[in-house]
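Here is how the chains run, residue by residue.
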Amino acid sequence: MGGRTRENILLQLVARKKIQDGFIAFTPTRHFSGRGLSDADKTLWGAWVIETGRERLYFSGDSGYFAGFANVGEKYGPFDLAFIETGAYDSDWPDVHMTPEQSLQAYRDVRGLRMMPIHNGTFDLAFHPWYEPLERIFQLATSQPGSQPVPLCTPVFGEAHTLESLIHTKPWWQPLMKKNCRRTR
């Protein structure tokens, strides 16, 4: 049956709250919680499923890749829009942040119909250039051999959209890539 590990407990904790014509559900993700020296893992860290009656959304929050994405997809998918963490990755942080390749797999696991990469380009946490996650996921989404291109939504930071207006992706960061140099460790 397995012991009462932190992961086993978190996988069993799924809170769901009914709202008007739908629900909001708190689902597992793979990350630690806390922001200070003395509050590590004192709160839960999770992802969100939002069902409005018209749309179904998934918000991964910060997460490393794990099998729980497939569980969420089986239970709640498909999702009209999946907000998937795609940034601030590093080989030293595989348990808490995903590479673009893992993000694409998480999108497939949750059964997204469109993907919006999040957690990228705004906070300088990792050792890659700010635009790298966007460019890598864009290249992956548009050039997967043997499969359909992934409908990718990448609005310019601060743009307001509806689900209907998030149909086409523009690689707005590409002209800015030339103006930036790669940061090294």
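Data block above holds the structure.
Residues numbered from 1 in each chain as written. Predicted model: local features only at pLDDT ≥ 70, side-chain atom pairs only at ≥ 80, totals over all residues. Heavy atoms only, no water.

## A closer look at the pattern of salt bridges
Moving on, step 1. Following the criterion strictly, the structure yields 4 salt bridges and no others.
Moving on, step 2. Close ionic contact of Glu51 with Arg56 constitutes a salt bridge, the shortest N to O distance being 2.6 Å.
Moving on, step 3. With a relative accessible area of 11%, Glu51 lands in the buried category.
Moving on, step 4. The salt bridge involving Glu55 is made with Arg54; its shortest N-O contact spans 3.7 Å.
Moving on, step 5. Among the charged side chains, a network of salt bridges with common partners joins Glu101, Glu132 and Arg136. (Salt bridge = Lys/Arg side-chain N within 4 Å of Asp/Glu carboxyl O. Buried < 20%, exposed > 50% of the residue type's maximum accessible area, 1.4 Å probe, protein only.)

## Quick notes on unusual backbone geometry
Moving on, step 1. Between Gly77 and the following residue, Pro78, the backbone shows a cis peptide bond with an omega angle of 0 degrees.
Moving on, step 2. When you line up the elements, Pro78 lands in the loop between helix H2 (68-76) and strand E5 (81-85).
Moving on, step 3. One non-glycine residue, Ala88, adopts positive backbone phi at about 60 degrees.
Moving on, step 4. By the secondary structure assignment, Ala88 is in the loop between E5 and helix H3 (100-110).
Moving on, step 5. In the Ramachandran plot, His119 falls in the positive-phi region, its phi being about 65 degrees despite a non-glycine side chain.
Moving on, step 6. Take His119: it is sitting in the loop between strand E6 (115-118) and helix H4 (132-142). (Helix = DSSP H or I, 4+ residues; strand = E, 2+ residues; numbered from the N terminus.)

## Re the sheet that holds strand E3 (residues 46-51)
Moving on, step 1. The 6 strands lie next to each other as E1-E2-E3-E4-E5-E6, forming an open sheet whose pairing is mixed. Edge positions in the sheet fall to strand E1 (15-19) and E6, since each of these pairs with one other strand and no more. Strand after strand, the sheet turns through a mean of 15 degrees between neighbouring axes, direction not considered.
Moving on, step 2. Sheet topology places strand E2 (residues 22-28) next to E3; 6 bridges connect them, and they run antiparallel. (Pairing = 2+ DSSP bridges. Axes fitted to C-alpha atoms, helices over the stretch in contact; angles between N-to-C directions.)

## Looking at the packing of aromatic side chains
Geometrically, a pair of aromatic rings is defined through the distance of the ring centres and the angle of the planes.
Moving on, step 1. Counted according to the given criterion, the structure contains 12 aromatic pairs.
Moving on, step 2. Relative to Trp173, the ring of Phe138 has its centre 5.7 Å away and its plane inclined at 80 degrees; by these criteria the two rings are edge-to-face. One end of the pair, Phe138, is in helix H4; the other, Trp173, is in the loop between H4 and helix H5 (174-177), with 35 residues separating them in the sequence. In this structure, Phe138 and Trp173 share a single accessibility class: buried.
Moving on, step 3. Members of the aromatic cluster, each reached through a chain of ring pairs, are Trp130, Tyr131, Phe138, Phe157, Trp172 and Trp173.
Moving on, step 4. When the ring centre of Phe23 is taken as origin, the NZ or CZ atom of Arg16, which lies over that ring, is 3.7 Å away. (Phe/Tyr/Trp six-rings, centres within 6.5 Å; stacked < 30°, edge-to-face > 60°. Lys NZ or Arg CZ within 6 Å of the ring centre and 35° of its normal.)

## Some remarks on the pairing of strand E4 (residues 56-59)
Moving on, step 1. Bridge analysis of E3 against E4 gives 4 bridges, and the strand direction is antiparallel. Following the sheet pairing, Trp48 is matched in E4 by Phe59.
Moving on, step 2. Counted between consecutive antiparallel strands, the loop separating E3 from E4 contains 4 residues, among which Gly53 sits at a positive phi close to 100 degrees.
Moving on, step 3. With 3 bridges joining them, E4 and E5 adopt parallel strand pairing. Bridge assignment links Phe59 to a residue of E5, and that residue is Phe83.
Moving on, step 4. You can see the chain leave E4, run along H2 and come back into E5, and the turn it takes is right-handed. (Right-handed = clockwise from strand over helix to strand, strands pointing away.)

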